[in-house]
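# A closer look at the structure
What follows is the residue order along each chain.
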Amino acid sequence: MRLFHCACGNRLHFGNTRCLSCGRALGFDPARRAVVALDAGADGLWRAPGGGGQRYRNCANVVAASCDWLVPAESGDALCLACRLTDTIPDLDNELNRIYWGRLEAAKRYLITDLLRLGLPLADRWQDPQRGLVFQFLADADTPEGPQQIITGHAGGRITINVAEADEIHRERTRIALGEAYRTLLGHMRHEIGHYYWMRLIEGSPWQERFRALFGDEREPYEQALQRYYQFGPQGPDWAVRHISAYAASHPWEDWAESWAHYLHITDALETAGVYQLTGMPQAGEDIEQLLERWHQLSEALNALSRSLGQRDPYPFKVTEPVAEKLRFIQEVVGAAGSSGGAAS
Ligand SMILES: [Zn+2]
Ligand SMILES: [Zn+2]
Ligand SMILES: [Zn+2]
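Residues numbered from 1 in each chain as written. Chains lettered and ligands numbered in written order. Predicted model: local features only at pLDDT ≥ 70, side-chain atom pairs only at ≥ 80, totals over all residues. Heavy atoms only, no water.

## Looking at the coordination of the zinc ion (ligand 3)
Every protein donor of the zinc ion (ligand 3) is accounted for by H191 (NE2), H195 (NE2) and E254 (OE), and the metal-donor separations fall at 2.0 to 2.1 Å. Of note, the zinc ion (ligand 3) draws all its donor residues from one chain, in the sequence arrangement H-x3-H-x58-E. Of the two residues, H191 and H195 are both situated in helix α3 (residues 185-202); the distance of four residues between them amounts to about one turn of the helix. Accessibility assignment for this pair places H191 and H195 in one class, buried. (Donors = N, O, S within 2.8 Å, 3.2 Å for Na, K, Ca; no water. Helix = DSSP H or I, 4+ residues; strand = E, 2+ residues; numbered from the N terminus. Buried < 20%, exposed > 50% of the residue type's maximum accessible area, 1.4 Å probe, protein only.)

## Overview of α3
Taking 1.5 Å per residue as the helical rise, α3 with its 18 residues ought to reach 26 Å, and the 25 Å between its terminal C-alpha atoms agrees with that figure. Considering bend angle alone, the principal kink of α3 is centred on Y196 and spans about 25 degrees. Within α3, 16 of the 18 residues are buried, which leaves it mostly tucked inside the rest of the structure. Between the side-chain oxygen at the start of α3 and the backbone nitrogen of G187 there is a gap of 2.8 Å, and the oxygen is on T184. Downstream of α3 by one or two residues, G204 has phi in the positive range, about 70 degrees. (Expected span 1.5 Å × (residues − 1). Bend = angle between axes of the 7 residues up to and from the residue. Polar contact = N/O pair within 3.5 Å; in protein donor to acceptor, adjacent residues only side chain to side chain.)

## Comments concerning unusual backbone geometry
One non-glycine residue, R33, lies in positive phi territory at about 45 degrees. Among the residues examined, R33 registers a relative accessible area of 13% and is labelled buried. Even without being glycine, Q277 reaches a positive phi, approximately 55 degrees. Along the chain, Q277 turns up in the loop between α7 (252-275) and α8 (288-308).

## Regarding the sheet that holds strand β13 (residues 158-162)
With mixed pairing, four strands are arranged side by side in an open sheet as β8-β9-β13-β12. The open sheet has two edge strands with one neighbour each: β8 (86-88) and β12 (153-155). Here the strands of the sheet are splayed against their neighbours by 30 degrees on average, with no regard to which way each runs. As judged from the five bridges shared by strand β9 (residues 134-138) and β13, these two strands associate in the parallel manner. Bridge pairing links Q136 to T160 in β13. Packed onto the sheet, helix α1 (residues 95-118) meets β8, β9 and β13 and runs at close to 155 degrees relative to β9. Packed onto the sheet, α3 meets β9, β12 and β13 and runs at close to 20 degrees relative to β12. (Pairing = 2+ DSSP bridges. Axes fitted to C-alpha atoms, helices over the stretch in contact; angles between N-to-C directions. Contact = heavy atoms within 4.5 Å.)

## Points about the domain arrangement of the protein chain
Partitioning the protein chain into domains gives domain 1 (1-79) and domain 2 (84-339). Inter-centroid distance (C-alpha atoms) of domain 1 to domain 2 is 28 Å. The interface is formed by 18 residues belonging to domain 1 together with 15 residues belonging to domain 2. Where domain 1 abuts domain 2, roughly 1,500 Å² becomes buried across the two surfaces, and 62% of that area is made up of carbon and sulfur atoms. On the domain 1 side of the contact with domain 2, M1, R33 and W69 bury the most area, a combined 40% of that side's loss. If you look at where domain 1 meets domain 2, you find three salt bridges. In this structure, the salt-bridge partner of D77 is R84, at a minimum N-O distance of 3.3 Å. The tally of links between domain 1 and domain 2 comes to nine residue pairs in polar contact (both at pLDDT 80 or more). (Domains from an automatic or database assignment. Buried area = accessible area lost by both parts, 1.4 Å probe. Salt bridge = Lys/Arg side-chain N within 4 Å of Asp/Glu carboxyl O.)

Structure follows, in structure tokens:
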């Protein structure tokens, strides 16, 4: 993530909503991929000082979901680019659901900045009613037919997330029960969007054969593969060498989604580190070996620093040679998709 600057010169971070130096309101403009300082106009619209006369409105979810993203004043949309991608939310009469929904939208906004950063193509359900990207955040419920459990996952452009994932205690308990090294809301978002881009960029494309050579044949029955994984764990003595995580060893689709999530983790963290001049910024088309070499050094230091503060390793993974090959492929796919116009609109 980049750093931003207020009109007064103060440094701003993604998610800041008010400048602590000059007191200006702040908002995120996805078209500029920037946090911008705002002055209120007499017409009730926001203006960015020195921003070339661009006027903005707040996203209509500014209160309900604490959304700090902006909508251009001339736009007919009430909701921002990120909020428009959600079509189902849990019952907000339940106070916990309101808190969980806010956390999920915050993680989703961060995810959308990844897509903007990489210039990835994005179509919503209005642009592509069959396979456009849409999110639904649902809670487990008791129905007349019995308890209904919400499974987090992706199907045909629709990403479903169980709102309980936004409950830190539930999430940590699940992480331990499943033996996972890492479980976060942003991680869920980056994983599920990986399934979306597999459908958009790999399925039926010229990439498909190389995908199968690297990740395996996705025609392997999916439900059975997951059942086997949850019953017996990852298969094969060398699964840890061939995959970034245990779950990645469950099925080629999950291997892709896990690897994709790591590509987003690594390139975003390297951009952040580059902004703070800890290492070089990731470059488009940069050799993956160089990029991963920098990541290796950085993540080792990051883990050590975290231990100095009595915290868990933030990156408890090892990028092996076979995993690096998968990341190289993802970088190629992202590069080709990003250069073909891209940029979420
Ligand atoms: Zn300021
Ligand atoms: Zn919004
Ligand atoms: Zn998955």
